[in-house]
2 protein chains.
Amino acid sequence: MKADAIISLDHGSGGLASQNLISGLFLKYLTSPQLRDLEDCAVLGEYAGRIAFSTDSYVVDPLFFPGGDIGALAVHGTINDLAMRGARPIALSLALIIEEGFPVTDLERIIASVGRCSEQAGVAVVTGDTKVVPRGKADGLFINTTGIGIASHRHDISGKKGLPGDAVILSGTLADHGITIMSRQAGIDIGGDIASDTQPLHRLVGAVLEGDAGLVHVLRDPTRGGLATSLCEIAWASGVSITIEEDRLPIRPAVNTACEMIGLDPLYLANEGKCIILCDQDGAEDILQLIRRLPEGRDAALIGWVGEGSSGRVSLTTRIGGSRLLEPLTGQPLPRIC
Amino acid sequence: MKADAIISLDHGSGGLASQNLISGLFLKYLTSPQLRDLEDCAVLGEYAGRIAFSTDSYVVDPLFFPGGDIGALAVHGTINDLAMRGARPIALSLALIIEEGFPVTDLERIIASVGRCSEQAGVAVVTGDTKVVPRGKADGLFINTTGIGIASHRHDISGKKGLPGDAVILSGTLADHGITIMSRQAGIDIGGDIASDTQPLHRLVGAVLEGDAGLVHVLRDPTRGGLATSLCEIAWASGVSITIEEDRLPIRPAVNTACEMIGLDPLYLANEGKCIILCDQDGAEDILQLIRRLPEGRDAALIGWVGEGSSGRVSLTTRIGGSRLLEPLTGQPLPRIC
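Our subject in this report is the structure included herewith. Since the structure is predicted, the reported quantities are computational estimates derived from the model, not experimental observations.

All names here are of chain A. Taken in spatial order, the seven strands of this open sheet run E9-E11-E8-E12-E10-E13-E14, and their pairing is mixed. Across the chains shown, the open sheet's two edge strands, defined by having one partner strand only, are strand E9 (216-220) and strand E14 (323-326). Sheet twist, expressed as the mean angle between neighbouring strand axes with direction ignored, is 25°. Sheet topology places E9 next to strand E11 (residues 276-279); four bridges connect them, and they run antiparallel. By the bridge assignment, arginine 220 is partnered in E11 with isoleucine 276.

If you want it as C-alpha cells, here you go:
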C-alpha cells in the first residue's frame, strides 16, 4: 500500500501533508471561493435577517449505507436543523476527525458525497478543519457540520409554539433511516428497497413558509429518538397534549416488516429527511397538498392533532381504537444512528 | 460507582438521559437564553457587517494540562480564528463526542471551563450537540467549536495581504502551549512555570484595528505547525519573502531549556494565545506599544520584516549572523497538540 493510500498523523499536523490533503482532495469536491482561500476563517457577505446557527456531529456506524453515507447525513442534517427554525441555510462548516490508517479512497468517496449534497442543496461548505488521531483513538471518521442560516422576521417557529387545535403533519414515511442503520449494525439483511431517507428539507420548508406566515407554529425533524420523542419534546415545550392516530402513520410495508423482525418500534427510530409540522388546522389541508407535490413530501400525511392541557402528554390511538401513551426514548439506547 | 458517575450510551440517545445531561450539567455552566431554549438551532439577532465563520475540532491529549484544558482551548481557539480575519466574535457552538465510560466529574470540569472562558471572553455558547460512542471508539472526549463573527467592511485582513516592507510583530512568547503538551505526552516533568498560553485574542485584535484601518495587513495565530509554518503560509499566500531575527524572538528561558531537553524546535511548536501581525512599518511601533499595554500582549516583539520576491521564502537570521531557511512543518508529526 502506498503511503498516501491511507491517512497518517502527518495529514493532521497542520504542515505540508495537511495542505496537500486539502488542496489535492478536499478542494476537488468542495469548490466555494472561501474554502479555496485556505484561511482558518471564512468571511461571507452581509445578510439581512436574524442569524440562525446549528451544530451536529455525525458518528454513524457504518459510514456507508443504502441511501447515503456519513457525508450526506452531515450535510442534510445540519441544513435540516436550520430549516426547522424557518431559516434559509447559507453556509456550512465541515470538521473531520480521522483515525490514522483510514483509507484515502473512503475519505474521497465521503468528501465527494459532501460536495454533491452541498451542491444539490445550494449550501456551500465555506470553512473546515481536519484532525487525525492515532489508530484506536477514534473509529474511522467522525464529522461535524455547523451551519449558518438567515431567519426571516416574518416567522417565529419553535418547539414552544404549538397551540391546541393545531394539526400535526408528518412530511413522509417513518423510520427509513433508523431501520436501515439498525439492520446493518445487527448484520441482518432485511432485503427489499429499504434505504435511508437522508435528504434536505429546506426547500420544502421554504415552500410551506412562503404562504401565510402565521399558519406554521412548529417544525421539527424527528431524528434521534424518533417521532415519539420529538412529539414529547414539542408537547412539553408548548404545554399541550398531542394525539396521533396509528392508521394515519405513513410507514413503508418493508420497513414495518423489518421493524417486526428486529423487534424495534418505528415510532422511536431516527428519520433523516422528514419533518413534523404543527400548523393552524385551517391551513393544514393546503399545506398537505403543497408538500405532497414536492418529491421530498410525496408521502406526507396528517397524523394527529394538538389538544389542551395535560402538558407533555402524547398518545397514540391504535388501529383497534385503544390509546397508548408515548414516552420519550428511555432504556435501550440505539447508538451511532447518525 | 453510581450509574450517573460515568457517561453511558443513553446520554447520547437523544432521549431522556440526553435531556437530563443537558439540563443538569450543561445549562448549569452555559447560560445563554438561546441554549436554554433547547432547540436544535439557535436564532440570534440581526447584525450589520459581513459574517465570519470558523470551525475547529479539539482532540488534545491530555485533556487537562498546566494553564488550561480542552474546554479552554476550544473556546479560545475558535474565537482567535475569527479574530484573525478582523472579525468580532459573537457566538459559539459546542459539539461533544464522548466515549462511553467517560467520568462525569471530568466532563463537568471541562464544561465549567468552557462556561468560564466563554463568559470571560464575552462570547456565548448558543447551540450544541452531544454524541456518545461505545468504549474504545473514541479517546475520552473530542470537542468541536464553531464560531460566528462580524467583520467590518473597514478591514480586509487575510494571509494574502502581506506587502514588502511590512513589519512582522509577534504578540508574545513562543511555544508555551506546544512544549507544555509535548512534555506531558512524553511523560517528562520539565518543572518551572511552563504552562499553556491559551487565551482569547479578540480584544487585542480589536484594540489594534481601532486605529488606522489600513495599517494591519495580516493576522495569523501560529497554532499547529508553529511560527515557522504560519510564516511560510503567509509568505506563500502573499507572494513575498519574510525574514525574522533569532535574537528578537520572545521565548521564556524555561521553554527554551525544555525544548533543548526534549529536542524540539520552538519555531515549530503550537501557540494558543499568540498572533503574528504583519503591518505597515510606519505603524509598527505604535501597534507594538499598544499591544504591550494589554496583558495578553505584554511580551510582544517586532521579530522581522517582509521582503520582495522569492515568494514563500522564510528565513531566520541566527544570533551569530547566519541565515537558516525555514520550511513548513514536515516529517515528524506532533499529534494531538490541540
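Next up on the list: the pairing of strand E10 (residues 241-245) of chain A. All names here are of chain A. Relative to strand E12 (residues 301-307), E10 is paired through four bridges, and the arrangement is antiparallel. Its bridge partner lying in E12, isoleucine 244 is registered against glycine 304. As paired strands, E10 and strand E13 (residues 314-317) are joined by four bridges and run parallel to one another. Residue pairing in the sheet places glutamate 245 in a bridge with threonine 317 of E13.

A word on the environment of B:Phe142. Checked against the element boundaries, B:Phe142 lands in strand E7 (residues 141-151). Given the relative accessible area of 1%, B:Phe142 is considered buried. C-alpha of B:Phe142 to C-alpha of B:Lys131: the two residues are eleven residues apart in sequence and 10.0 Å apart in space. Leaving out residues up to four positions away in the same chain, B:Phe142 has contacts with A:Ile97, A:Val133, A:Lys137, A:Ala138, A:Phe142, B:Tyr58, B:Val59, B:Ala95, B:Leu96, B:Ile97 and B:Arg336.

Before going further, it helps to examine the side chain of B:Ser18. Residues and elements named next belong to chain B. Counting through the fold element by element, serine 18 comes out in helix H1 (residues 16-29). Residue classification places serine 18 among the buried residues on the basis of a relative accessible area of 6%. At 3.0 Å, the side chain of serine 18 forms a polar contact with the backbone oxygen of histidine 11. Once you skip the residues sitting within four places of it in the chain, serine 18 turns out to touch Asp10, His11, Gly12 and Ser13.

Contacts between the two partners involve 76 residues from chain A, matched on the other side by 76 residues from chain B. When chain A packs against chain B, the two sides together hide about 6200 Å² of surface, and 58% of this comes from carbon and sulfur. When the buried area of chain A at its contact with chain B is split by residue, A:Ile51, A:Phe53 and A:Arg224 rank highest and sum to 13% of it. For the interface between chain A and chain B, the tally reads eight salt bridges. Where chain A meets chain B, there are 40 residue pairs in polar contact (both at pLDDT 80 or more). In terms of residue count, the dominant contributor to the side of chain A that touches chain B is strand E2 (residues 50-58) of chain A (eight residues). By residue class, the composition of the side of chain A that touches chain B is 32 nonpolar, 25 polar and 19 charged. Pairing analysis gives three bridges linking E2(A) to strand E1 (residues 42-46) of chain B, with the strands arranged antiparallel. Looking across to E1(B), one finds that A:Phe53 is bridged to B:Ala42.

Cut-off values and rules
Residues numbered from 1 in each chain as written. Chains lettered and ligands numbered in written order. Predicted model: local features only at pLDDT ≥ 70, side-chain atom pairs only at ≥ 80, totals over all residues. Heavy atoms only, no water. Pairing = 2+ DSSP bridges. Helix = DSSP H or I, 4+ residues; strand = E, 2+ residues; numbered from the N terminus. Axes fitted to C-alpha atoms, helices over the stretch in contact; angles between N-to-C directions. Buried < 20%, exposed > 50% of the residue type's maximum accessible area, 1.4 Å probe, protein only. Contact = heavy atoms within 4.5 Å. Polar contact = N/O pair within 3.5 Å; in protein donor to acceptor, adjacent residues only side chain to side chain. Buried area = accessible area lost by both parts, 1.4 Å probe. Salt bridge = Lys/Arg side-chain N within 4 Å of Asp/Glu carboxyl O. Nonpolar A, V, L, I, M, F, W, Y, C, P; charged D, E, K, R; others polar.

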